[in-house]
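One-letter residues, chain by chain:
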Amino acid sequence: TSGKQPLPRDSHTAVVCGHAMYVFGGSSGATLNDFLALDLRTYTWTQVQTTGMVPSARFCHAAEVYNSSMYIFGGYNGLKRLN
């Protein structure tokens, strides 16, 4: 792959929409809230610019795509459970 490589992580979510795989959050020893896209045609990583409310850093959450939007629910931020 090319582009800025994401940090190694676990407990993140990844969804596919169109020609991209989107990755949000997870844990790399610290809780993350980065939002990345891998273009599945060029295998290039990019940082996604969002609109609206950005979810707080979390891991062990759920994600779903509906009407071309990605929704994040639940998870844990290292201190408390989220919803």
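In this report, the structure presented in the accompanying data block is examined. (Residues numbered from 1 in each chain as written. Predicted model: local features only at pLDDT ≥ 70, side-chain atom pairs only at ≥ 80, totals over all residues. Heavy atoms only, no water.)

## Details of the packing of aromatic side chains
For any pair of aromatic rings, geometry is given as the distance between the ring centres together with the angle between the planes.
Next, step 1: Inspection of every chain in the model, using the stated rule, returns three aromatic pairs.
Next, step 2: Geometrically, the ring pair formed by F24 and F35 is edge-to-face, given 6.4 Å between the ring centres and 70° between the ring planes. Linking F24 in strand 2 (residues 20-27) with F35 in strand 3 (residues 31-39), this pair joins segments that are eleven residues apart in sequence.
Next, step 3: For F24, a relative accessible area of 3% gives the class buried.
Next, step 4: Residue F35 is classed as buried on the basis of its relative accessible area, which comes to 16%.
Next, step 5: Each ring, one from F59 and one from Y76, has its centre 5.6 Å from the other, and the planes form 85°; the classification is edge-to-face. (Phe/Tyr/Trp six-rings, centres within 6.5 Å; stacked < 30°, edge-to-face > 60°. Helix = DSSP H or I, 4+ residues; strand = E, 2+ residues; numbered from the N terminus. Buried < 20%, exposed > 50% of the residue type's maximum accessible area, 1.4 Å probe, protein only.)

Purely geometric stuff here, so don't read any function into it on its own.
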